[in-house]
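# Summary of structural features
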Protein chains: 2
Amino acid sequence: VATADPGPGDGERAFIARLRDRLPVPPDGQHWIGDDAAVLADGLLLKTDVLVEGRHFDLAWSSPADVGFKALAVNLSDIAAMGGSPVAAVVALVVDPDRPGEADGVMAGAATAAAELRCPIVGGDTSNGPALVVAVAVLGRAPAGGPVLRSGARPGDLVVVTGEVGAAAAALRALQGGQREPSGLERLRRPVPRLAEGEAAAAAGATAMIDASDGLAADLRRLCDASGCAAVLDGGSIPRPPEVELDVALFGGDDYELVFTLPPQRWPQVGSWAHVPATVIGRVEPGPPVVRLGGPNGATPLEHGGFEHRIPGPG
Amino acid sequence: VATADPGPGDGERAFIARLRDRLPVPPDGQHWIGDDAAVLADGLLLKTDVLVEGRHFDLAWSSPADVGFKALAVNLSDIAAMGGSPVAAVVALVVDPDRPGEADGVMAGAATAAAELRCPIVGGDTSNGPALVVAVAVLGRAPAGGPVLRSGARPGDLVVVTGEVGAAAAALRALQGGQREPSGLERLRRPVPRLAEGEAAAAAGATAMIDASDGLAADLRRLCDASGCAAVLDGGSIPRPPEVELDVALFGGDDYELVFTLPPQRWPQVGSWAHVPATVIGRVEPGPPVVRLGGPNGATPLEHGGFEHRIPGPG
């Protein structure tokens with residue numbers, strides 16, 4: 001499945017691993033590289049994500065304002081995936097000097113996201129360069145009970161996803177096939193970070209959480225890697241728009257839904273959300289980190305078209 | 001004077017002004033766009049600066065590691081200019097896929113800066129793109145007495161600069177003239193943010209401060225604009241290497257020295273620094289924001305080769 005953001009490739013994951021090796025070990029209670037956002041002292045969260053023209057977006061179907069909105073949104077999705085809330089953002093912008101008007105468009109979209117998502121833009125820098133590049137950094141605050149890391153899933157936990165997955169990837173595929181305004185295009189253009197849902201999941205007792213930016217299967221695999229356990233999914237229960245195939249829902253990226261785990265006895269607290277629906281899609285099991293597709297009861301793991309080996313490891 | 005970073009042009013200043021108009025007014029005690037770094041609640045400081053190949057650096061005379069070092073250093077210079085101290089940094093990196101090795105070089109240099117300047121890199125993102133782009137964001141903490149803004153200078157204050165100015169711009173000019181390893185090249189490649197000096201200036205009672213990244217005259221002019229006063233400089237007292245002309249010391253950028261103002265009775269406290277020297281170079285006067293070059297006693301403003309009109313306003 002082609003996605004706008006193919007996610008970290010082998011080279012990039014290896015690079016991040018080398019970077020981590022080069023850095024000092026964080027003090028107790030802090031978590032630097034390796035989770036959705038860095039956890040600092042005093043419950044502060046810090047994160048940067050960069051969007052590059054031609055790799056993360058295509059101006060043929062996203063306006064500069066869409067790109068600005070998305071640049072803030074995808075960073076805030078990582079704050080959401082810690083159960084955190086936004087504090088402030090800064091925006092570094094590189095604009096092609098032959099298309100100077102794009103700067104205003106990007107900042108208009110970013111300002112809209114800042115207002116809607118309650119994360120003020122407090123600073124920025126801008127320069128000329130050969131392509132449109134938007135690098136946002138966000139500061140957030142962890143919930144009172146502490147951030148929800150990727151590493152806390154335990155066998156017996158439920159696997160839960162917010163909203164629906166696959167719409168953005170399906171829209172991208174349709175665009176690439178020549179459709180003009182496919183269903184799901186707005187999700188691709190302006191994803192909505194699940195901030196309220198992330199906070200609610202943390203309050204409900206989520207044991208681990210990640211955002212499904214690179215695809216449900218790939219990101220759940222990362223959660224399994226960090227937690228040292230397996231996950232078995234019930235394919236039939238994975239929430240997706242009717243027109244979206246299961247493969248796209250599993251492997252398509254750019255959804256920015258949250259995937260989290262929590263003990264079954266905590267599930268009723270999640271069910272009382274007034275936000276987007278949350279759906280139980282599987283269960284955590286003991287064993288080496290892998291994501292399997294099971295039957296409706298999740299008890300009979302089935303191989304699924306190379307599902308396991310198609311999920312990249314964390315490098 | 002050509003500089004590696006020509007500083008914000010008219011278009012960029014206008015853009016920043018439009019951006020500021022679009023954003024909400026910060027709560028009392030917070031300062032967002034318009035100072036060296038944003039001041040948030042709880043004394044937190046946040047800043048981003050982006051370096052773009054061909055605009056801010058040239059790989060003909062800076063290695064990727066130099067660029068990584070500088071990307072962190074220039075951001076920390078803005079924390080220093082608030083009197084603050086570093087907390088953490090994140091690095092967003094765009095690398096030309098035809099030169100993948102540059103990523104490791106940049107991160108090696110950034111990691112060196114992180115260790116030397118005591119600002120851990122806690123996260124990052126990397127992507128491919130058509131040029132090397134390094135966008136760093138840093139989180140800092142204001143001093144106990146509050147951040148030193150650009151706006152606090154008052155008539156009668158001394159104007160003080162740390163270290164020497166002009167070396168980086170002189171080196172760039174020499175490189176562009178064909179010299180291989182000119183004096184001052186290391187300042188251009190790896191500027192040293194004046195973190196200890198900024199903290200000491202704040203503790204001594206500095207009323208306003210800025211870093212001289214775009215050149216002493218231009219940045220002092222910004223301080224005057226924010227403070228609503230004039231500055232008269234004694235050209236003979238401006239500290240510069242012997243081979244650097246006064247014009248280059250005044251108008252050359254990329255120095256990353258600090259320029260600050262403080263009441264004369266506070267000067268003895270600054271004089272006891274054990275850091276790089278601080279030099280009194282002039283005095284704050286009442287009147288519209290302008291920088292004038294005076295005689296040795298600062299009392300007789302002299303026009304100097306279009307000095308006034310060559311200093312860009314803040315847009």
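Residues numbered from 1 in each chain as written. Chains lettered and ligands numbered in written order. Predicted model: local features only at pLDDT ≥ 70, side-chain atom pairs only at ≥ 80, totals over all residues. Heavy atoms only, no water.

Residue and element names in this part refer to chain A. The share of residues in chain A with pLDDT of 70 or more is 89%, and the mean pLDDT across the chain is 89. Taken as a whole, residues 1-7 scores under 50 in pLDDT and shows 24 contacts with residues more than four places along the chain or in a different chain. In the predicted structure, residues 297-315 sits below a pLDDT of 50 and forms 39 contacts with residues beyond four places in sequence or in another chain. Interface scoring of the predicted complex returns ipTM 0.91; its pTM is 0.91. (pLDDT = per-residue confidence, 0-100. Contact = heavy atoms within 4.5 Å.)

With respect to the element layout, W273 of chain B can be found in the loop between α9 (267-271) and β10 (278-285). Counting along the chain gives 166 residues from W273 of chain B to M107 of chain B, while the straight-line C-alpha distance between them is 33 Å. (Helix = DSSP H or I, 4+ residues; strand = E, 2+ residues; numbered from the N terminus.)

What follows is about the sheet that holds strand β2 (residues 44-52) of chain B. All names here are of chain B. As summarised here, the arrangement of the five strands in space is β1-β2-β5-β3-β4, forming an open sheet in which the pairing is mixed. Here the strands that pair on one side only, and so sit at the sheet edges, are β1 (38-39) and β4 (121-128). Here nine bridges tie β2 to strand β5 (residues 133-141), and the two strands are oriented antiparallel to one another. Across the sheet, the residue bridging to V50 is A135, located in β5. Contacts from helix α3 (residues 102-116) reach β3 (85-95), β4 and β5 within the one sheet, and its direction differs from that of β3 by about 175°. (Pairing = 2+ DSSP bridges. Axes fitted to C-alpha atoms, helices over the stretch in contact; angles between N-to-C directions.)

Let us now look at the relation of the copies chain A and chain B. The two copies are related by a screw motion: chain A maps onto chain B through a turn of 180° and a shift of 0.0 Å along the axis, at an RMSD of 0.0 Å. On the angle and the small slide along the axis, the relation comes out as a two-fold axis. Here 100% of the interface residues in chain A have copies in chain B that are interface residues too; the copies meet face to matching face. (Least-squares fit on C-alpha atoms with pLDDT ≥ 70 in both.)

The final tally for this structure, using the stated rule, is 34 salt bridges over all chains. In this structure, R222 of chain A and D219 of chain A form a salt bridge, with 2.5 Å as the shortest nitrogen-oxygen distance. Note that R222 of chain A and D219 of chain A are positioned in helix α7 (residues 216-227) at a spacing of three residues, about one turn of the helix. Judged by relative accessible area, R222 of chain A falls into the buried class, the value being 11%. With a closest N to O distance of 2.7 Å, R190 of chain B and D66 of chain B form a salt bridge. Of the two residues, R190 of chain B sits in the loop between α5 (185-189) and α6 (195-204) while D66 of chain B sits in helix α2 (residues 64-80), which places them 124 residues apart along the sequence. For R190 of chain B, a relative accessible area of 21% puts it in the partly exposed group. Relative accessible area serves as the criterion here: at 7%, D66 of chain B is assigned to the buried category. (Salt bridge = Lys/Arg side-chain N within 4 Å of Asp/Glu carboxyl O. Buried < 20%, exposed > 50% of the residue type's maximum accessible area, 1.4 Å probe, protein only.)

Moving on, we get to the side chain of T162 of chain B. Residue and element names in this part refer to chain B. When you line up the elements, T162 lands in strand β6 (residues 158-162). Given the relative accessible area of 0%, T162 is considered buried. A distance of 2.5 Å separates the side chain of T162 from the side chain of E257, its partner in a polar contact. Setting aside chain neighbours within four positions, we find T162 in contact with R194, E197, E257, L258, F260, W273, V276, P277 and A278. (Polar contact = N/O pair within 3.5 Å; in protein donor to acceptor, adjacent residues only side chain to side chain.)

Turning our attention to the packing of helix α2 (residues 64-80) of chain A against helix α3 (residues 102-116) of chain A. Residue and element names in this part refer to chain A. One can describe the packing of α2 onto α3 by two numbers: an axis separation of 6 Å at closest approach and a directional angle of 45°. Between α2 and α3, the interaxial angle falls into the category oblique. Both α2 and α3 take part in a crossing whose hand is right-handed. Contact residues: α2 offers P64, A65, G68, F69 and L72, while α3 offers E102, G105, V106, G109, A110, T112, A113, A114 and E116. Looking at the contact of α2 with α3 residue by residue, the classes come out as eight nonpolar, four polar and two charged. (Parallel < 35°, antiparallel > 145°, perpendicular 65-115°, else oblique. Left-handed = near helix turned anticlockwise from the far one by under 90°. Nonpolar A, V, L, I, M, F, W, Y, C, P; charged D, E, K, R; others polar.)

On to the interface of chain A and chain B. Counting residues at the interface gives 51 residues for chain A and 51 residues for chain B. Between chain A and chain B, roughly 4200 Å² of surface is buried when both sides are summed, and carbon and sulfur atoms account for 72% of that area. For the chain A face of the interface with chain B, the top three residues by lost area are F15, R22 and V122 of chain A, together amounting to 13%. For the pair chain A and chain B, the number of links is two salt bridges. D42 of chain A serves as the salt-bridge partner of R141 of chain B, at 3.3 Å between the closest nitrogen and oxygen. Between chain A and chain B we count eight residue pairs in polar contact (both at pLDDT 80 or more) in total. Counting only elements with at least two residues in the side of chain A that touches chain B, the list comes to α1 (10-22), β2 (44-52), β3 (85-95), α3, β4 (121-128) and β5 (133-141) of chain A. Across the side of chain A that touches chain B, the residue classes break down as 33 nonpolar, eight polar and ten charged. (Buried area = accessible area lost by both parts, 1.4 Å probe.)

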